[in-house]
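Read off the chains here:
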Amino acid sequence: MGDFDAYVAVGGGSAMDTAKAANLYATYPADFLDYVNAPIGKGKPVPGPARPLFAVPTTAGTGSEMTGVVIFDLTAMHAKTGIAHRYLKPTLGLIDPENTRTMPSMVATATGFDVLVHALESYTTLPYNRRERPARPILRPAYQGRNMISDLWSSEAIRSAARFLPRAVEDPEDLEARSRMALAAAYAGIGFGNAGLHLPHGMSYPVSGMVRNFHLPGYPADEPLVPHGISVVLNAPAAFRFTAPGCPERHLEAAQFLGADVSGAKPADAGSILADALIRLMRRLHVPNGLSAIGYTREDIPALVEGTLPQHRVIKLSPRPAGREELYRLFEDSMILW
Ligand SMILES: [Fe+2]
């Protein structure tokens, strides 16, 4: 690996995350699995600051310019996993909506739903004072649980996505909408980069990792791909219906930010109100109707569950614990959404 003074990452989440990982391993060489999240890797803390890294996003989705998280495919295990540490945060993010002007509409849809679900998950994740406590301060996770500051960023990102995502998809020349989505991605990045995520992301990693022969228009056709935002949002309605009893008032507030009418709503309705609001937006923007529409069948569910269980970093922050049986039912409920 070269001895570089600094790194410039231009692209979507994969490009930015690749640069973060290259910077980490060039600065602190180690066996690849050393820094990878446990239990898949050894989960060793990053030893210190890496070289300066400047992140220039060309999509409005991942928020990677704001986070200390690197996500990648571990092809040997057909799984997506990651490295998370605050030292991986870019030195600077350069967010210019002009860089998203030529993004195809389906890419705007997939990345936009990633933003929205980042914000919805971080707004409903376990609070900072209820997450698992690390043995030593240096082991404190990047994802610390929701808190009063992350709430500000997450709630604003939900509102922005509700208002500007349809416009950003339906009219690529609408630079105001594309600007507000670029900002929403960054806001959600600050929110989830501190609070954390939970089930929709945890479940999305095997959905992307086990893809067989699916691809969407606007994405390269040379290899099968379920875009990250699509694999996340397809699990989200079932996941929020399941997690709502863990903190119904947060789910109702999130639905309200999304534009749902929650007047007179009972706590028991919170999950379905949020799921329905999300499904309305998914239908409007022509998202595939559930995991069955991207090539999965019920026979795949056991493998999807096995691929989700090791995602401790995220699934342990679920406001309602989900084990093997619960995940099985959530994947079942995600096969067809409407
Ligand atoms: Fe994401």
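Please refer to the structure placed before this passage.
Here is what the cut-offs are and how they apply
- Residues numbered from 1 in each chain as written.
- Predicted model: local features only at pLDDT ≥ 70, side-chain atom pairs only at ≥ 80, totals over all residues.
- Heavy atoms only, no water.
- Helix = DSSP H or I, 4+ residues; strand = E, 2+ residues; numbered from the N terminus.
- Rg over C-alpha atoms; globule rule 2.2 N^0.38 Å.
- Buried < 20%, exposed > 50% of the residue type's maximum accessible area, 1.4 Å probe, protein only.
- Contact = heavy atoms within 4.5 Å.
- Areas by Shrake-Rupley, 256 points an atom, 1.4 Å probe, with all protein chains shown as cover.
- Axes fitted to C-alpha atoms, helices over the stretch in contact; angles between N-to-C directions.
- Parallel < 35°, antiparallel > 145°, perpendicular 65-115°, else oblique.
- Left-handed = near helix turned anticlockwise from the far one by under 90°.
- Nonpolar A, V, L, I, M, F, W, Y, C, P; charged D, E, K, R; others polar.
- Phe/Tyr/Trp six-rings, centres within 6.5 Å; stacked < 30°, edge-to-face > 60°.
- Lys NZ or Arg CZ within 6 Å of the ring centre and 35° of its normal.
- Pairing = 2+ DSSP bridges.

*Asks:* Quick question: what am I supposed to make of the overall build of the chain here?
*Replies:* Counting its secondary structure elements, the chain contains 12 helices and five strands. Relative to the compact-globule value of 20 Å for 338 residues, the chain shows a C-alpha radius of gyration of 19 Å, a close match. Dimensions of the chain along its principal axes, counting C-alpha atoms only, are 60 × 45 × 40 Å. Burial status across the chain gives 55% buried among its 338 residues. Across the chain, every contact between residues at least 6 apart in sequence was considered, and the portion connecting residues at least 24 apart equals 74%. Of the accessible surface of the chain, which amounts to about 14400 Å², a share of 55% is contributed by carbon and sulfur atoms.

*Asks:* In this structure, what is going on with the packing of helix α7 (residues 236–243) against helix α9 (residues 270–284)? I would like to understand it.
*Replies:* Helix-helix packing is described using two parameters, namely the angle between the two axes and the distance between the axes. Relative to each other, α7 and α9 sit at 165°, their axes nearing to 8 Å. As the angle between them shows, α7 and α9 are arranged roughly antiparallel. For α7 against α9, the interelement crossing comes out right-handed. Counting all contacts with α7, which are made through A236, P237, F240 and R241, the residues of α9 involved are G271, S272, L274, A275, L278, I279 and M282. Taken together, the residues of the contact of α7 with α9 sort by class into eight nonpolar, two polar and one charged.

*Asks:* Looking at this model, I keep getting lost on the packing of aromatic side chains. Mind explaining?
*Replies:* How two aromatic rings sit relative to each other is set out by the distance from centre to centre and by the angle between their planes. Applying the stated criterion across every chain yields a total of seven aromatic pairs. Through a chain of ring-to-ring contacts, three or more aromatic side chains come together here, namely Y25, F32, Y35 and F72. Positioned over the ring face of Y123 is R250, at 3.9 Å from the centre of the ring.

*Asks:* I tried to follow the sheet that holds strand β1 (residues 7–11) on my own but got confused; where do I start?
*Replies:* What holds strands together in a sheet is hydrogen bonding between their backbones, with the strands either parallel or antiparallel. Strand order in the open sheet formed by three strands is β1-β2-β5, and the pairing between neighbours is parallel. The sheet terminates laterally at β1 and β5 (92–93), the two strands that pair on one side only. Relative to strand β2 (residues 53–57), β1 runs parallel, the two sharing five bridges. Bridge pairing in β2 places V10 opposite V56. Against the sheet, helix α1 (residues 13–27) makes contact with β1 and β2, and its axis sits at roughly 160° relative to β1, the strand it touches most.

*Asks:* Just checking my understanding: could you explain the environment of P49 for this structure?
*Replies:* One can find P49 in the loop between α1 and β2. Residue P49 is classed as exposed on the basis of its relative accessible area, which comes to 53%. Taking the C-alpha atoms as reference points, P49 and Y87, separated by 38 residues in sequence, lie 5.2 Å from one another. Every residue in contact with P49, bar those within four places of it in the chain, is listed here: T27, Y28 and Y87.

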